[in-house]
2 protein chains.
Amino acid sequence: MTRYTIGLDFGTNSCRALLVDAGSGRELATHVFAYPSGTDGVWLDPAEPNLARQNPADYVTGIQESIVGVLRAGRAADPDFCPEAVIGIGVDTTGSSPMPVDATGQALCFQEKFRGNPDAMVWLWKDHTSYAEAAEITRLASATRPRFLSKIGGVYSSEWWWSKILRCRNVARDVFDAASSWVEICDWIPAVLTGELDPKTIRRSVCAAGHKAMFHPSWGGLPDREFLEALAPGLGALRERLYSETSTADRRAGTLSPEWARRLGLSPSVAVAVGAFDAHMGAVGAGIAPGTLVKIMGTSTCDIMIHPAGDPLGDIPGVCGIVDGSVMEGYYGIEAGQSAVGDLFLWCVHQLAPEGYGGTPEERFERLGRAAAELRAGESGLLALDWNNGNRTVLVDVRLTGLLIGQTLHTRAHEIYRALMEATGFGALAIIDRIEEYGVAVREVVNCGGLAARNPLLMQIYADIAGRPMKISRSEQAPALGAAIFAAVAAGRAAGGYDSVAAAQRAMAGTGRVYAPDPGSHAVYRRLYALYRRMHDAFGTREGSGNMYGVMKELLDIRDEVRRA
Amino acid sequence: MTRYTIGLDFGTNSCRALLVDAGSGRELATHVFAYPSGTDGVWLDPAEPNLARQNPADYVTGIQESIVGVLRAGRAADPDFCPEAVIGIGVDTTGSSPMPVDATGQALCFQEKFRGNPDAMVWLWKDHTSYAEAAEITRLASATRPRFLSKIGGVYSSEWWWSKILRCRNVARDVFDAASSWVEICDWIPAVLTGELDPKTIRRSVCAAGHKAMFHPSWGGLPDREFLEALAPGLGALRERLYSETSTADRRAGTLSPEWARRLGLSPSVAVAVGAFDAHMGAVGAGIAPGTLVKIMGTSTCDIMIHPAGDPLGDIPGVCGIVDGSVMEGYYGIEAGQSAVGDLFLWCVHQLAPEGYGGTPEERFERLGRAAAELRAGESGLLALDWNNGNRTVLVDVRLTGLLIGQTLHTRAHEIYRALMEATGFGALAIIDRIEEYGVAVREVVNCGGLAARNPLLMQIYADIAGRPMKISRSEQAPALGAAIFAAVAAGRAAGGYDSVAAAQRAMAGTGRVYAPDPGSHAVYRRLYALYRRMHDAFGTREGSGNMYGVMKELLDIRDEVRRA
């Protein structure tokens, strides 16, 4: 009998359920539920553009709607499918997206007292209200606990766990005081499904803990009480109400609670896996293995690798995080990323493309892309730095900005559009180079996410820049597929699942289209990449190369040679 | 009785006659004649985008049409005006715009044999077909006659006299061989008016000769025969059929020929002044004097100063030309310029402004300008280099390109538009700084041309950047007014004119609106200018400052301070 698992992917605006054949990886059906609260599911504050919160009630409704929907769609797709064949559910979410909870593990905003209070809701990953708190944490850690920063690239982010909790303490003391504990939503949703909500025993994802909460076994788990208390009185006491143990996502959080089994029409024996972040599960869904770099490509980009935990691996400067087990048990998870990729193209389409490229953003995307595809490498004479939203890896510096060089009076918007694409490709290569310099060989690159699936020009440019094939994940829903893979492992082989993530991946994940590098374009891009690195190092590092004389001339030389060829 | 002079201004697309009261400078009437030949008066070749020629028959028709038209308009404007009151005609033209002529001084293209042959027409200033020849001249002069380059900024341009003649010899040998001589159109048009067309005796403008033909008394006039012959056999022999004397524009070329007097309805006693280039006459029309920098602002910009010829003045590195008498007798004319000013704004309006700014270029200009005017100095966080068309002064390097830095995902087109305006202002200040460094004090800046008259935001930005008042020429037709001033001097005091250019200027020229610098904006711009100079020197010179780390951060600091203020 065919067995199925369900991957639940909780994104920024909606959640998705993916019903997957655990034997073959065939994606039988999917169902998307758009969060009803706020603006496209995000609670905003017109007076504070940094604020982004989420109503956890949307997740509860989303579990119900998306699973019921995907089971219905599964039956429609295959009359032989029946819900009894579902053996596991896996969960991936955005993060760091922490939420204050009461002693029963329920969201504080579910209490009458805090209803509609955004500080009692989920502090969504992209909430940046706590930038000052993040700077304070970085300052204190640099001064007193530099080792805390060594695993996270040197700078603590306003998007992360402690920044948000500290911010809450500073601006919403009533919420902070009422919180019995705080939970990442990747931990809370599996707890809801199993009904085991006691915050003292909720399974905590090592992925969230290690990458966002400065949790590391070498210093006894979370940052010590003294450090936290120095940040703000009360934070040290909170530490004792959080957690000291973490889990990898191949473990069971438990089984479906009787009530959820009834509501969903599933068996109470269905395994619920420990949750993790979307990028990390996406990497698994895209077939990550030692030597494989998985790029999850969207508005920004997350790059994930794994490295056997038995092999020695030091810190990699500028790489956001190296956490044992954050992707798969037995491996270090290595996380890097680019702060703006799809967002950079959107910016160009919205802010820089004149009317001639079309009246709607869709038309402009289409025509800019078509015109950009007509250009050869180097033909425009342009070069850009991809830093309009700062640089996450390898410079870890939000106070960097965009740069465009080489424009003439004839430069057109589609040339800039292509230069921005190329800039993100150069940035991607800089990450590969840095990881390899520190002893982790990149033998394969697999791309997933919307840009990978739907932007062949971008993928060809990446292949030509890197001089490496760019493989595309077979699944267009790699995070949800990854969650379904973990569900199959949590269910176990006896139930029709697997006893290891690698075995589940072999059966369920794979790659599809491959973009092969063009040697001629690669030769031109090698020269352009050298110029990109000169600019990158000069503007992004204190040690960078000196005089820039010759950069413009070399770009013109390349342009003229390409045009003559 | 009121006396009048006529300034004839031969531009790229049309010629203009300006009828001026020689006593007060009042501009009684103007008449514009659009050249009928080619595309907007320019003969183009679809297969060779560098080619730009002009039909000299258009000038002859233009003299007739514009003078008859302006006399008619003068009578309409003032019933007391009568053509007998006209005492002189002055001529300014584009340049270097040389033309091959036969032994009678007639254009070769007037001959049946060469009719419609663009190589036998006027090689318009912006014809760039001879870029290889220009490089060859620079190479040979660097190697064997470095002094030839010392007065022209170090590089011989494809826009200039010898490049074009050499090109003609290389690609149209029949035209070259048939040419008895070559004449700048600023010399040819006065010769047409006086009827004294013999090329051996045509009065040659020192302005054209000194700035464009490497004519200098210290090496015996034009470049020596050996040098020219080394460039190409035959060029040395041509030298002997050119000229060895030059004139300043306050001299008479002669008086109106009887035939032209009859055709125009003017007296044959009307003085015709020696011609010169538009920018130089524009400087006079704008009231140039020692210590006054006149900026003629259009698609590109020409900056003119004068310096008493008796005072010692060495070469100023990177300044295009220093020629004794090229603006006024008794003074060195100092010429500098920026390769793209209005063109840079046009580029932004056409290529980078999305639909939201309006459907037509006019609407986009208007709305971009309005939105840019709302911004404060430093508020956008952007900084640009104004090199989309290379840098004429002070780097003298066509192989430089544009650069924009500081963009984020929120950057909008009007912020870029303002950054480009500011970039041209920083470039303008770099010219002022260079000239002052070499001992010529700039005590006043007068702006003329379309941008000065019609772009108050630009002028305010310039004042704020330079920390100096920006004065605007009272006349919107400064070159034509300058030609009318020279006409009044050529006519002489006895006829109701003047015996010096300075005296004529005092009566006829002046400034109007003044933009005063805002101290707050100037303080911000001083910081931005320091960053501009760092970028300028790093990308534009071999010696430029080293590491660029901090440039983006300083821009963000400035932006954040301005936004908070």
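Just so you know, these numbers come straight off a predicted model, no measurement behind them. (Residues numbered from 1 in each chain as written. Chains lettered and ligands numbered in written order. Predicted model: local features only at pLDDT ≥ 70, side-chain atom pairs only at ≥ 80, totals over all residues. Heavy atoms only, no water.)

(A) Broad picture of the overall build of chain A. Looking only at helices and strands, chain A features 20 helices and 20 strands. Against the compact-globule benchmark of 24 Å for 565 residues, chain A has a radius of gyration of 24 Å, which places it among compact chains. Structurally, chain A occupies a C-alpha span of about 70 × 60 × 50 Å along its principal axes. Relative to all contacts within chain A whose residues are 6 or more apart in sequence, the contacts with residues 24 or more apart total 71%. When the accessible surface of chain A is summed, it comes to about 19,500 Å², and 50% of that surface belongs to carbon and sulfur atoms. (Helix = DSSP H or I, 4+ residues; strand = E, 2+ residues; numbered from the N terminus. Rg over C-alpha atoms; globule rule 2.2 N^0.38 Å. Contact = heavy atoms within 4.5 Å. Areas by Shrake-Rupley, 256 points an atom, 1.4 Å probe, with all protein chains shown as cover.)

(B) Here's a closer look at the domain arrangement of chain A. Residue and element names in this part refer to chain A. One can read the domain layout of chain A as domain 1 (4-278 + 479-511) and domain 2 (295-474 + 518-565). Of note, the centres of domain 1 and domain 2, computed from C-alpha atoms alone, are 30 Å apart. Facing the 22 residues of domain 1 at the interface are 20 residues of domain 2. Between domain 1 and domain 2 the total buried area reaches about 1,800 Å² when both faces are included, carbon and sulfur atoms providing 52% of it. It is Lys151, His211 and Thr511 in domain 1 that bury the most area against domain 2; as a group they hold 32% of the surface buried on that side. Taken together, domain 1 and domain 2 are joined by two salt bridges. Salt-bridge contacts for lysine 212 lead to glutamate 335; the nearest nitrogen and oxygen are separated by 3.9 Å. Linking domain 1 with domain 2 are five residue pairs in polar contact (both at pLDDT 80 or more). Of all the secondary-structure elements, those providing two or more residues to the side of domain 1 that touches domain 2 are helix H7 (206-212) and helix H18 (501-508). The element best represented in the side of domain 1 that touches domain 2 is H7, accounting for five residues. Partitioning the side of domain 1 that touches domain 2 into residue classes produces nine nonpolar, nine polar and four charged. (Domains from an automatic or database assignment. Buried area = accessible area lost by both parts, 1.4 Å probe. Salt bridge = Lys/Arg side-chain N within 4 Å of Asp/Glu carboxyl O. Polar contact = N/O pair within 3.5 Å; in protein donor to acceptor, adjacent residues only side chain to side chain. Nonpolar A, V, L, I, M, F, W, Y, C, P; charged D, E, K, R; others polar.)

(C) Molecular detail of the interface of chain A and chain B. Tallying the contact residues gives 53 residues for chain A and 53 residues for chain B. Buried surface at the junction of chain A and chain B, both sides included, amounts to about 4,300 Å², of which 56% is carbon and sulfur. When the buried surface of chain A facing chain B is broken down by residue, Arg399, Leu409 and Met552 of chain A rank first, second and third, together holding 18% of it. Connecting chain A to chain B are six salt bridges. With a closest N to O distance of 2.6 Å, aspartate 557 of chain B and arginine 399 of chain A form a salt bridge. On the surface where chain A and chain B come into contact, there are 26 residue pairs in polar contact (both at pLDDT 80 or more). Counting residues per element, the ones that place at least two in the side of chain A that touches chain B are helix H12 (342-352), strand S17 (402-407), helix H14 (413-437), helix H19 (519-540) and helix H20 (551-564) of chain A. Broken down by class, the residue content of the side of chain A that touches chain B amounts to 23 nonpolar, 18 polar and 12 charged.

(D) Spotlight on the relation of the copies chain A and chain B. The two copies are related by a screw motion: chain A maps onto chain B through a turn of 180 degrees and a shift of 0.0 Å along the axis, at an RMSD of 0.0 Å. Look at the turn and shift together and you get a two-fold axis relating the two. Most of the interface of chain A is mirrored in chain B, where 100% of its interface residues are also at the interface. (Least-squares fit on C-alpha atoms with pLDDT ≥ 70 in both.)

(E) Structural view of the sheet that holds strand S13 (residues 301-308) of chain B. Residue and element names in this part refer to chain B. Spatial strand order, S14-S15-S13-S12-S18-S19-S20: seven strands in an open sheet with mixed pairing. Bordering the open sheet on either side are strand S14 (321-324) and strand S20 (511-515), each of which pairs with just one other strand. Strand-to-strand twist of the sheet, defined as the mean angle between neighbouring strand axes without regard to direction, takes the value 25 degrees. Pairing analysis gives four bridges linking S14 to strand S15 (residues 331-338), with the strands arranged antiparallel. Across the sheet, the residue bridging to valine 323 is glycine 333, located in S15. (Pairing = 2+ DSSP bridges. Axes fitted to C-alpha atoms, helices over the stretch in contact; angles between N-to-C directions.)

(F) View of H12 of chain A. Along H12 of chain A, eight of the 11 residues are buried, which leaves the element largely enclosed by surrounding structure. What H12 of chain A keeps buried is the set Gly342, Leu344, Phe345, Trp347, Cys348, Val349, Gln351 and Leu352 of chain A. (Buried < 20%, exposed > 50% of the residue type's maximum accessible area, 1.4 Å probe, protein only.)

(G) Broad picture of the sheet that holds strand S14 (residues 321-324) of chain A. Residue and element names in this part refer to chain A. One open sheet accounts for seven strands, arranged S14-S15-S13-S12-S18-S19-S20; its pairing is mixed. Edge positions in the sheet fall to S14 and strand S20 (511-515), since each of these pairs with one other strand and no more. With direction set aside, neighbouring strand axes in the sheet form an average angle of 25 degrees. Alignment of strand S12 (residues 292-297) against strand S18 (residues 444-448), held across five bridges, turns out to be parallel. Paired with isoleucine 296 across the two strands is cysteine 448, which belongs to S18. Packing of H14 onto the sheet brings it into contact with S12, strand S13 (301-308), strand S15 (331-338) and S18, and relative to S15 it is tilted by some 150 degrees.

(H) Focus on the pairing of S13 of chain B. All names here are of chain B. For S13, the buried fraction is high: seven of the eight residues fall into the buried class. Bridging between strand S12 (residues 292-297) and S13 involves four bridges; their strand directions are antiparallel. Paired with isoleucine 296 across the bridge in S13 is cysteine 302. Adjacent in sequence and paired antiparallel, S12 and S13 are bridged by three residues. Two elements, S13 and S15, share eight bridges in a ladder whose sense is antiparallel. Its bridge partner lying in S15, methionine 305 is registered against isoleucine 334.

(I) Expanded view of helix H6 (residues 185-194) of chain B. Counting buried residues along H6 of chain B, 10 of its 10 residues qualify, which places the element largely inside the surrounding structure. Within two residues after H6 of chain B, glycine 195 of chain B carries a phi angle of roughly 80 degrees, on the positive side.

(J) Summary view of the state of the cysteines. The tally for this structure, following the rule as stated, stands at zero disulfides over all chains. You can see cysteine 109 of chain A has no disulfide; the closest cysteine sulfur is in cysteine 168 of chain A, sitting 12 Å from it. We note that cysteine 15 of chain B lacks a disulfide partner, and the nearest cysteine sulfur, in cysteine 186 of chain B, lies 15 Å from it. (Disulfide = S-S within 2.5 Å.)

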